Amino acid sequence: MESCVRNSGVMETTEPSLTRYFVPMLLLQMIAPSSEHFTVTGLQGPILAPFGGIVELSCQLSPPQNAEHMEIRWFRDRYTQPVYLYNNGKDLHVETISRYVERTELRKEAIREGKVTLRIHNVSVDDHGEYHCFFKDGDFDEEAITDVKVTATSLGIQILVHPPNTKGLLVECSTGGWFPQPQMEWRDSRGEIILPTSISHSQDTHKLFNMKMTLLLKQSSHKNVTCCLRNPVTGQEERTSIVLSEPQEKGSRARSSVCSRVCTKDCLPITGSTDCSRRMRNPIVVGLIIIVLTLSVITSLIVYLHHKSRVPASDPHFQLDTMWLEDITVILCVLTVFITMIISFIYFKFRGILEYRIQASNISSGTLDKSTVEEEACMATLQNSET
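Sequence order as written defines the numbering, with residues in each chain counted from 1. Where local features are concerned, this predicted model is filtered to residues with pLDDT of at least 70; where side-chain atom pairs are given and counted, the filter is 80 or more; whole-chain, interface and lining totals use all residues. Computation of side-chain values covers all heavy atoms of the structure but excludes hydrogens and water.

**Some words on the nonpolar core**
And then number 1: Core analysis: the biggest nonpolar cluster contains 52 residues, and Trp74, Phe135, Trp186 and Cys227 have the highest contact counts within it.
And then number 2: Counting residues per element, this core draws most heavily on strand β16 (residues 209-217), at 5 residues.
And then number 3: Those residues in contact with Cys227 that lie beyond four places of it in its chain are Ile157, Ile159, Cys173, Met184, Glu185, Trp186, Met213, Glu238, Arg239 and Thr240.
And then number 4: Ile302, Leu305, Leu325 and Leu332 belong to the second largest nonpolar core, which has 5 residues in total. Grouping buried Ala, Val, Leu, Ile, Met, Phe, Trp, Tyr and Cys residues that are joined through side-chain atoms within 4.5 Å yields what is termed a nonpolar core. Summary of the burial criterion: residues with accessible area below 20% of their type's maximum are buried, those above 50% are exposed, and those between are partly exposed, where the area comes from a 1.4 Å probe applied to protein chains only. Every helix listed is a DSSP run of H or I at least four residues long, and every strand listed is a run of E at least two residues long, numbered separately from the N terminus. When checking whether two residues touch, look at their non-hydrogen atoms; a contact exists if any pair is within 4.5 Å.

**Brief notes about the state of the cysteines**
Cysteine pairs can be linked by a disulfide, which is a covalent bond between their two sulfur atoms.
And then number 1: When two cysteine sulfur atoms are found within 2.5 Å, that pair is recorded as a disulfide. Enumeration according to the criterion identifies 2 disulfides in this entry.
And then number 2: Between Cys59 and Cys133 runs a disulfide, and the two sulfur atoms are separated by 1.9 Å. Its S-S torsion of about 45° marks the bond between Cys59 and Cys133 as right-handed, since a negative value means left-handed. Residue Cys59 is located in strand β3 (residues 55-62), and its partner Cys133 is located in strand β9 (residues 129-137); the two are separated by 74 residues in the primary sequence. One exposure class covers both Cys59 and Cys133, and it is buried.
And then number 3: Linked covalently through their sulfurs, Cys173 and Cys227 form a disulfide whose S-S length is 2.0 Å.

**Quick look at the pattern of salt bridges**
And then number 1: Salt-bridge detection follows one rule: a side-chain nitrogen of Lys or Arg within 4 Å of a carboxyl oxygen of Asp or Glu. Taken as a whole and judged by the stated rule, the model has 14 salt bridges.
And then number 2: One salt bridge connects Asp91 with Lys108, and the closest N-O pair in it is separated by 3.5 Å. Of this pair, Asp91 sits in strand β6 (residues 90-91) while Lys108 sits in the loop between β7 (104-107) and β8 (115-120), and the two are 17 residues apart along the sequence.
And then number 3: The residue Glu192 makes a salt bridge to Arg190 at a minimum N-O spacing of 3.6 Å.

**Here we look at a nonpolar patch on the surface**
And then number 1: The grouping of Val330, Val334, Val337, Phe338, Met341, Ile342, Phe345 and Ile346 at the surface amounts to a nonpolar patch, some 790 Å² of accessible area in total.
And then number 2: Secondary-structure assignment places Val337 in helix α6 (residues 318-365).
And then number 3: Judged by its relative accessible area of 48%, Val337 falls in the partly exposed class. Patch members must show over 30% relative accessible area and no salt bridge, and they are joined within 9 Å when carrying like charges or within 5 Å when they are nonpolar side chains of Val, Leu, Ile, Met, Phe, Trp or Tyr. Each accessible area value is a Shrake-Rupley result obtained with a 1.4 Å probe; residue values ignore everything except the protein chains displayed when judging cover.

In short, geometric facts, not functional conclusions.
Here it is, written out as structure tokens:
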């Protein structure tokens, strides 16, 4: 009887110890699969991608682990249309969007630590938006989203001053090659905003924005105005100023207003009214100079023919020589008219082309500022409108 009691006592003490042993084992088995799970972290904040440049998008597994055997998929708004697809050690270009095949690559130097980088070449406006970095291991998957903002800022801003009329002086600011659409405004010398007369925009074949803004200046309204543009994503600003020499009035003052100084970026002044008066060559004066030079040459030739050794009057050929001299004089006078017309036509026809080439060569050699060329174009426009 005593042994039976002892045996039953042993059995009673053994059951609780087995329970304490198996319960932790079951908990460990339940927790063990979860250690293979992971999260995906991407780049924080919007990533700026310069138009025509390169952008790199990275994502990382946490905790770090080997991802060579996993499926790694980069896609935009549709899972079935990947930008890049990698699966079990292979790059699957067949399934990717065609416009990304030649422009993308997956950097896998750190793939054993769970990090990959998508590199996109020749960034276009269509690359703007969200990108999903998707990892899949068996039945488990996770993703991270990165926002890409494509930016483009033009460095070329042109201000065109139209000939003044009864309403005032119309100033036009135009530029192209922006993305996204920039903020555009006029400012006066104190930095205060001037309401524009009109603002318009269009997009080119690359979906970049072309902007145009006009301002009608009344008499004595502003002596200088600045065309300002700002990229809303990067905050980068570009500006061009035009400094009017005098308030807009009638006659010659209107001309001096159009003949102004153009400033770009740092607004370095260029010689204003002195250079303008020098460059405003009167076509009538040029024509008179051509006529005088031609007449001088022909007259000198006629005088030379009259005073050179002549046939004596007693010579039987004297009359013939006199007739020949008269004919030559008439021919030279007619040639004077034709030569003057031809020289004048050639000069006024090709003057603009020659001056443009000279100025272009000066710009390339650094001896002439680009704004001076723009000022010359402004003056040529005014002279053509007056003639």
